[in-house]
Amino acid sequence: MRGPKVIREFLDARPLNRKSMHLITNGWTNVIDADHAEGGSYITLFRADQDGDGPARVPGPMLTGCYETKYLRTAKGWRISNCNATQVFNCYS
């Protein structure tokens, strides 16, 4: 997905009862030069489509994976120039 409009359309299309949590861990960053950096992190996603209040019941994480991210310093500060996600485990469908 690229850009705020596409991301907003994706989020607006989700079921209204969807609850999700992304746990991001083990983050790292390498500075390449004054204007470029790269980094990464691990992700564990929990998700449930559940009506009502209270905690959602899930059998475990939906998936795990990692992000590889490139950063670029702009006149407005550091920005993400590219982010790729790689799924490692598909825990359930």
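This text follows the structure it describes.
So, a few notes on the structure that sits alongside this text.

1. Re the environment of Thr86
Here's step 1: Among the secondary structure elements, Thr86 is positioned in strand β4 (residues 77-90).
Here's step 2: On a C-alpha basis, the gap between Thr86 and Lys19 in space is 22 Å, while along the polypeptide they are 67 residues apart.

2. Remarks on the sheet that holds strand β1 (residues 18-33)
Adjacent strands of a sheet pair through backbone hydrogen bonds, lying either parallel or antiparallel.
Here's step 1: The sheet built from 4 strands is open, its strands ordered β1-β2-β3-β4 with antiparallel pairing. Either end of the sheet is taken by a strand with one partner, and the two such strands are β1 and β4. Adjacent strand axes in the sheet meet at a mean angle of 20 degrees when their direction is disregarded.
Here's step 2: Bridge analysis of strand β3 (residues 63-74) against β4 gives 12 bridges, and the strand direction is antiparallel. Within β4, the residue paired with Thr64 across the bridge is Phe89.

3. Topic: the side chain of Arg18
Here's step 1: For Arg18, the position within the fold is in strand β1.
Here's step 2: Within the structure, Arg18 has its side chain in polar contact with the side chain of Asp49 (distance 2.7 Å).
Here's step 3: The residues touching Arg18, leaving out its near neighbours within four places in the chain, are Arg47, Ala48 and Asp49.

4. With respect to the state of the cysteines
Here's step 1: Taken as a whole, this structure holds 0 disulfides when the rule is applied.
Here's step 2: You can see Cys66 has no disulfide; the closest cysteine sulfur is in Cys83, sitting 10 Å from it.
Here's step 3: Free of any disulfide, Cys91 has its nearest neighbouring cysteine sulfur in Cys66, separated by 14 Å.
Here's step 4: Judged by its relative accessible area of 40%, Cys91 falls in the partly exposed class.

Definitions and cut-offs
Chains are numbered independently. Their residues run from 1 in the order of the written sequence. For a predicted model such as this one, the threshold for reporting local features is a pLDDT of at least 70, and the threshold for listing and counting side-chain atom pairs is 80 or more; totals across whole chains, interfaces and linings nevertheless cover every residue. With hydrogens and water stripped out, all remaining heavy atoms of the structure feed into the side-chain values. Secondary structure elements follow DSSP: runs of H or I of four or more residues count as helices, runs of E of two or more count as strands, with numbering from the N terminus. Pairing between strands is defined by DSSP: at least two bridges between the two strands are required. Axis angles are defined between N-to-C directions and span 0 to 180 degrees, where every axis is a line fitted to C-alpha atoms and, for a helix, only to the segment in contact. We define a polar contact as two N or O atoms separated by no more than 3.5 Å, with the added condition that, inside protein, one atom must be a possible hydrogen donor and the other a possible acceptor, whereas residues neighbouring each other in sequence contribute only through side-chain atom pairs. Throughout, a contact is declared for two residues whenever any of their heavy atoms are within 4.5 Å. Disulfides are defined as cysteine sulfur pairs within 2.5 Å. Exposure classes here rest on a 1.4 Å probe applied to the protein chains alone. A residue is buried below 20% of its type maximum, exposed above 50%, and partly exposed in between.

In short, geometric facts, not functional conclusions.
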